Amino acid sequence: MRDLARRRPALAQLRYAERRDAFAGLTLAERFALIHRTNLWGAAETTSGLGSELAATAALRAGLHDLLGRYGVRRLLDLPCGEFGWMAAVDLNGVDYIGGDIVPDIVTANRARHAAPGVAFRHLDLLEDDLPQADLVLCRDCLVHLSFANIHRALENLRASSARYLLTTTFPELPENGEIEDGDWRPLNLQVAPFCCPPPLEILLENCTEAGGDYRDKALALWRLEDLREPGRL
Ligand SMILES: C[S@@+](CC[C@H](N)C(=O)[O-])C[C@H]1O[C@@H](n2cnc3c(N)ncnc32)[C@H](O)[C@@H]1O
């Protein structure tokens, strides 16, 4: 097994490096619209990237319904929802679902394909929009694409929301976090600087196989948003 302190690049990093110049001068929303339009992240099944394919989400899909039940989650905000591909295969029985994304075309397509009683989609910016009422916000594979400043803005906005819980992507074995441009990718460990979150309530390991297993610690971690309010934390 390779040392997780020296990971090979993920496909999203390689693809962004090849096209970096195309992103100069774009707003945050324009960056993710370009990524969607060009399928920059290079997955066959979805423009949301390799981590959103069905095989990559098997462990997550197996564990999510149970986790939501254990924490009494009746209203779920999935922000960002991306193309809703793997989520369409999750049992959302008993849960009111709202998916949001910063790319209007994604939201429009999701509405046409997946809207149903209890399943709605909204155009939302995680960084600055008022967030709809929810018990838990699922924020999967998003902060890993944002600069530190925008991660802090996202976390501030989440803290200002009515949600009790945040379930979000982290790599618990990563020793330190690196900076990126918005739209690029790198792993993030939310328990080390500059975030220094307390230990999460739960960790749902995703069994990620990308880059020969170099991201095998990829997980969704559950925090009570209230626990992230202390100054200096997140
Ligand atoms: C890698 S995809 C992950 C989607 C989904 N969470 C999943 O697991 O399949 C990242 C998504 O984040 C969206 N996004 C990026 N920044 C955002 C923001 N500030 N607000 C809402 N959505 C955002 C992008 O448009 C893209 O659809």
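Structure shown above.
Just so you know, these numbers come straight off a predicted model, no measurement behind them. (Residues numbered from 1 in each chain as written. Predicted model: local features only at pLDDT ≥ 70, side-chain atom pairs only at ≥ 80, totals over all residues. Heavy atoms only, no water.)

Caption draft 1: Main features of the overall build of the protein chain. A count of helical and extended segments in the protein chain gives six helices and seven strands. Put simply, the protein chain runs from its N terminus to its C terminus through helices and strands in the order α-α-α-β-β-α-β-β-α-β-β-α-β. Taking 2.2 N^0.38 as the reference for a compact globule, 234 residues should give roughly 17 Å; the C-alpha atoms of the protein chain span a radius of gyration of 16 Å, in line with that estimate. Expressed as lengths along the three principal axes of its C-alpha atoms, the size of the protein chain is roughly 40 × 40 × 35 Å. (Helix = DSSP H or I, 4+ residues; strand = E, 2+ residues; numbered from the N terminus. Rg over C-alpha atoms; globule rule 2.2 N^0.38 Å.)

Caption draft 2: Spatial organisation of the site of the ligand. Around the ligand, 22 residues are found, and the nearest of them are Ser52, Pro80, Asp101, Leu126 and Arg140. One of the side-chain N or O atoms of Ser52 is found 2.6 Å from an oxygen atom in the ligand. Contact between the ligand and Asp101: an oxygen atom at 2.6 Å from a side-chain N or O atom of the residue. Taking 600 Å² as the accessible area of the ligand by itself, protein coverage stands at 98%. Considering only residue class, the shell around the ligand consists of 14 nonpolar, four polar and four charged. (Near = heavy atom within 4 Å. Polar contact = N/O pair within 3.5 Å; in protein donor to acceptor, adjacent residues only side chain to side chain. Areas by Shrake-Rupley, 256 points an atom, 1.4 Å probe, with all protein chains shown as cover. Nonpolar A, V, L, I, M, F, W, Y, C, P; charged D, E, K, R; others polar.)

Caption draft 3: Molecular detail of the pairing of strand 7 (residues 219–224). Along strand 7, five of the six residues are buried, which leaves the element largely enclosed by surrounding structure. Where strand 5 (residues 165–170) lies against strand 7, six bridges are found, and the strand directions are antiparallel. Opposite Thr168, over in strand 7, you have Ala221 as the bridge partner. The pairing of strand 6 (residues 202–205) with strand 7 spans four bridges and is antiparallel. The residue of strand 7 that forms the bridge with Leu204 is Leu220. (Buried < 20%, exposed > 50% of the residue type's maximum accessible area, 1.4 Å probe, protein only. Pairing = 2+ DSSP bridges.)

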